[in-house]
Amino acid sequence: MVAGLINANPIVYEKKERRPRTGSVVLEDEYAVESIDHMVVFSLTFLHHIRDIKDPEHPYSLEDLKVITEDAIEVDDKRSYVRVTFTPTVEHCSMATVIGLCLRVKLMRSLPSRYKVDIRVAPGTHATEAAVNKQLNDKERVAAALENPNLVDMVDDCLAPSFE
Amino acid sequence: MASVSEDNLELQEIQKLEGHTDRVWGLAWNPTSGADGVPAVLASCSGDKTVKIWQKSPSTSSFHLKATIEETHTRTVRSCSWSPSGKLLATASFDATTAIWEQVGDDFECLATLEGHENEVKSVSWNASGSLLATCSRDKSIWIWEALPGNEFDCVSVLQGHTQDVKMVLWHPSEDILFSCSYDNTIKVWAEDGDSDDWHCVQTLKEANNGHSSTVWSISFNATGDKMVTSSDDLSIKVWGADIVRVQSGEGYAPWKHLCTLSGYHDRTVFSVHWSREGIISSGAADDAIRLFVENQDDLGDGPMYRLLSKKEKAHEQDVNCVQWGSKESGLLASSSDDCSVKIWKLGPRH
């Protein structure tokens, strides 16, 4: 798709030790959300869904490149609301919309349909932040993009490690 | 129907129509159905690439699936619209085409396929007489097509002006004036230059004119056509007015002016608004809710011009994409959703 890499030498960070993985059972427990500890577990459950997504142009995960970190996910279970904030590796990253699309598709496939999901780039980390955010949250554009076989192949490729 | 000034009205779910296998985007009531012994007919279109035709059974008063239009559009069918005569159905698809259908017996036959847009067609609308059709696309353009004898459709004009994809086009209910709204946050008004077949933009309603600050998704008119309502990703609904009598008497163009903004109601994108003949504005949004608004009757001069009449939280399990009042039967509302269903509602006294 691109002749040269957008970011030829990304910084790869050491993986943090993972907290134990929690099952989706937590999602069903309406009382769990009342304690802060559970909120943390909760975000981690969501994080688990997206941390292993592969970067579109490198053999590293979004977590390896710190595109996604633990505090990237805000969950308000009472309102069935999730917001994911990701950090492109370079501020002119043309892959930002593809990364955002991967995040959206992964959450669409993993979460109960009652969740409303907003996806955005971290404030100040992308040259066309407002434009990228607007596109990622226009569901008509997302729907049209997901009918494009080339784009779907690319997304599926990035998502493959996250389903392992 | 009870007076709209009564506050004890609510939407009651009459029926849930299931059959689509993907999100349902658009709805269109056949304008000639639903009265004088003609059973109400509703078309719904979906991400499953099909259009379904639902008909009310005279004996049971419930809706049933009458026909499924499939295997023509190769991608999402985003919008559908009946011609004023109720004889033709136009369908706009992400496959970049618009198809024209005619009912033959129990089947729908494709009479024409309108090609020209570079990519996704998002909306299609017939003018009041049925002689003109407008389509719009992610390619930022609006095409005006003339319906000719023999089911020919000729493109008479391509309108450029929006700087981003055009979400919806809608003709004025009586005048040949076209309205469009866009991802560029504006609403544009288009009119013809005398007899020259040359269409141009006569007005742009922007954020600076009390307009919307994000994508404008939908447009609707009141029965007399002197007021317009629009809905947006900025979570607001706006009402606009124009001296349409001036236009109708041939005195020239009457500009549209902002009358009021309804905000603080929906807390996610308002995808659809539709104004009923009785003056009730319905709105459907990504917060899964449907809300109804009416003009304030007890107006003391400084209060809001419109007030919330009723709301239905959790009208659907997911985003509400379209709301449409029945063309003949008072208080009949249809809604469509990402939850793959269509619902039929009746506005009636609260139990």
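Source: prediction; values computed, not measured. (Residues numbered from 1 in each chain as written. Chains lettered and ligands numbered in written order. Predicted model: local features only at pLDDT ≥ 70, side-chain atom pairs only at ≥ 80, totals over all residues. Heavy atoms only, no water.)

Engineer: Please clarify how the overall build of chain A should be interpreted in this entry.
Structural biologist: On a plain count of helices and strands, chain A comes out with six helices and three strands. Listing each helix as α and each strand as β along chain A from the N terminus yields α-α-β-β-α-β-α-α-α. Taking all contacts inside chain A whose residues are at least 6 apart in sequence as the whole, residues at least 24 apart take part in 66%. As displayed, chain A has an accessible area near 8500 Å², and 52% of this comes from carbon and sulfur atoms. (Helix = DSSP H or I, 4+ residues; strand = E, 2+ residues; numbered from the N terminus. Contact = heavy atoms within 4.5 Å. Areas by Shrake-Rupley, 256 points an atom, 1.4 Å probe, with all protein chains shown as cover.)

Engineer: Just to check I follow, could you spell out the sheet that holds strand β9 (residues 107-115) of chain B for this structure?
Structural biologist: Paired through backbone hydrogen bonds, the strands of a sheet run either parallel or antiparallel to each other. Residue and element names in this part refer to chain B. One open sheet accounts for four strands, arranged β6-β7-β8-β9; its pairing is antiparallel. This sheet does not close on itself; its edge strands, each paired only once, are β6 (77-82) and β9. Direction aside, the axes of adjacent strands within the sheet are offset by 25° on average. Bridge count between β6 and strand β7 (residues 88-93): five bridges; the pairing is antiparallel. Following the sheet pairing, C80 is matched in β7 by T91. (Pairing = 2+ DSSP bridges. Axes fitted to C-alpha atoms, helices over the stretch in contact; angles between N-to-C directions.)

Engineer: Explain the interface of chain B and chain A to me, please; I cannot follow it from the model alone.
Structural biologist: How big an interface is tends to be expressed through the accessible area that disappears when the partners come together. Contacts between chain B and chain A engage 25 residues on the former and 15 residues on the latter. Buried area between chain B and chain A, summed over both chains or domains, comes out near 1700 Å², and the portion from carbon and sulfur atoms is 40%. Counting the surface chain B buries against chain A, the share from its top three residues, B:R75, B:Y183 and B:R268, is 35%. Remark: the boundary between chain B and chain A carries eleven salt bridges. When the shortest N-O distance is used, the salt bridge between A:E147 and B:R75 registers 2.7 Å. The interface formed by chain B and chain A holds 20 residue pairs in polar contact (both at pLDDT 80 or more) in total. Residue classes in the side of chain B that touches chain A are distributed as six nonpolar, eight polar and eleven charged. (Buried area = accessible area lost by both parts, 1.4 Å probe. Salt bridge = Lys/Arg side-chain N within 4 Å of Asp/Glu carboxyl O. Polar contact = N/O pair within 3.5 Å; in protein donor to acceptor, adjacent residues only side chain to side chain. Nonpolar A, V, L, I, M, F, W, Y, C, P; charged D, E, K, R; others polar.)

Engineer: For this particular structure, what's the right way to read the packing of aromatic side chains?
Structural biologist: Residues and elements named next belong to chain B. The final tally for this structure, using the stated rule, is eleven aromatic pairs over all chains. Taking the centre distance of 5.4 Å and the plane angle of 25° together, the rings of W143 and W145 count as stacked. Residue W143 shares its accessibility class with W145, and that shared class is buried. When the ring of Y265 is compared with that of F293, the centres are 4.9 Å apart and the planes differ by 80°; the resulting orientation is edge-to-face. With Y265 in the loop between β21 (257-262) and β22 (270-275) and F293 in strand β24 (residues 290-295), the pair connects residues that are 28 residues apart, well separated along the chain. (Phe/Tyr/Trp six-rings, centres within 6.5 Å; stacked < 30°, edge-to-face > 60°. Buried < 20%, exposed > 50% of the residue type's maximum accessible area, 1.4 Å probe, protein only.)

Engineer: What exactly am I supposed to notice about the UniProt feature "domain: MIP18 family-like" (unreviewed entry) in chain A here?
Structural biologist: Per the UniProt record, "domain: MIP18 family-like" (unreviewed entry) is annotated on residues 50-115 of chain A. Taken end to end, residues 50-115 of chain A has its terminal C-alpha atoms 15 Å apart, with 24% of it in helix and 15% in strand. (UniProt positions renumbered as here; feature names shortened; annotations may be inferred.)

Engineer: Teacher, can you tell me more about the UniProt feature "repeat: WD" (unreviewed entry) in chain B here?
Structural biologist: In this numbering, the UniProt entry assigns the feature "repeat: WD" (unreviewed entry) to residues 17-55, 70-102, 114-146, 159-190, 209-240 and 313-351 of chain B. Annotated as 0% helix and 50% strand, the span residues 159-190 of chain B places its first and last C-alpha atoms 9 Å apart.

Engineer: Can you walk me through a negative patch on the surface in this structure?
Structural biologist: Residues and elements named next belong to chain B. On the surface, a cluster of negative charge is contributed by E146, E152, D154, D176, E192, D193, D197 and D198. Elements with a contribution of two residues or more to the negative patch: β13 (152-159) and β16 (187-193). One can find E152 in strand β13. Judged by relative accessible area, E152 falls into the partly exposed class, the value being 46%. (Patch = residues over 30% accessible without salt bridge, like charges linked within 9 Å, V, L, I, M, F, W, Y side chains within 5 Å. Lys, Arg positive; Asp, Glu negative; His and termini not counted. Charge placed at Lys NZ, Arg CZ, Asp CG, Glu CD.)

Engineer: Can you help me understand the sheet that holds strand β28 (residues 342-349) of chain B in this one?
Structural biologist: Residue and element names in this part refer to chain B. Taken together, the four strands give an open sheet; going across it, the order is β1-β28-β27-β26, and neighbouring strands pair in antiparallel fashion. At either margin of the open sheet sits one strand with a lone partner, and together these are β1 (9-17) and β26 (320-325). Averaged over all adjacent pairs, the angle separating strand axes in this sheet is 25°, with direction ignored. As paired strands, β26 and strand β27 (residues 332-337) are joined by five bridges and run antiparallel to one another. Directly across from V320, in β27, lies its bridge partner S337.

Engineer: When you look at the pairing of β7(B) in this model, what are you seeing that I'm missing?
Structural biologist: Consecutive residues of a regular strand have side chains that alternate between opposite faces of the sheet. Residues and elements named next belong to chain B. In terms of burial, β7 is a largely internal element, six of the six residues being buried. Residues of β7 alternate between two faces, with L88, A90 and A92 on one and L89, T91 and S93 on the opposite face, all of them buried. In textbook terms, the turn of a hairpin is the stretch between consecutive antiparallel strands, and for β6 and β7 this stretch comprises five residues, one of which, G86, has a positive phi near 75°. Pairing between β7 and strand β8 (residues 97-104): five bridges, direction antiparallel. Pairing of T91 across the sheet is with A99, part of β8. In sequence, β7 turns back onto β8 through a hairpin of three residues, with A96 there showing a positive phi of about 80°.

Engineer: Would you explain the packing of helix α3 (residues 96-110) of chain A against helix α6 (residues 149-159) of chain A in this entry?
Structural biologist: Geometrically, a packed helix pair is captured by the angle between its two axes and the distance between the axes. Residue and element names in this part refer to chain A. Orientation of α3 relative to α6, taken along the N-to-C sense of each, is 70°, at an axis distance of 10 Å. Overall, the two elements α3 and α6 adopt an arrangement that is roughly perpendicular. The residues of α6 that touch α3, namely those facing V98, L101, C102, V105, K106 and R109, are L151, M154, V155, D156, C158 and L159. Class assignment of the residues belonging to the contact of α3 with α6 gives a composition of nine nonpolar, no polar and three charged. (Parallel < 35°, antiparallel > 145°, perpendicular 65-115°, else oblique.)

Engineer: Would you mind going over the environment of A:I68 with me for this structure?
Structural biologist: Along the polypeptide, A:I68 turns up in the loop between α2 (36-50) and β1 (73-76). Every residue in contact with A:I68, bar those within four places of it in the chain, is listed here: A:L47, A:I50, A:L62, A:E63, A:V84, A:T85, A:F86 and A:L103.

Engineer: Please clarify how the confidence of the model for chain B should be interpreted in this entry.
Structural biologist: Residue and element names in this part refer to chain B. Averaged over chain B, the pLDDT score is 94; the fraction of residues at 70 or greater is 96%. Across residues 1-5 the pLDDT falls below 50, and counting only partners more than four positions away or on other chains, this stretch makes 15 contacts in the model. As a predicted assembly, this complex carries a pTM of 0.92 together with an ipTM value of 0.93. (pLDDT = per-residue confidence, 0-100.)

Engineer: Would you take a moment to explain the environment of B:K122 for this structure?
Structural biologist: Turning to its location among the elements, B:K122 is positioned in strand β10 (residues 121-126). As a C-alpha pair, B:K122 and B:R78 span 44 residues in sequence and 5.6 Å in three-dimensional space. Residues in contact with B:K122, not counting those within four places in the same chain, are A:E140, B:R78, B:S79, B:A92, B:C136, B:S137, B:R138, B:D165, B:V166 and B:K167.

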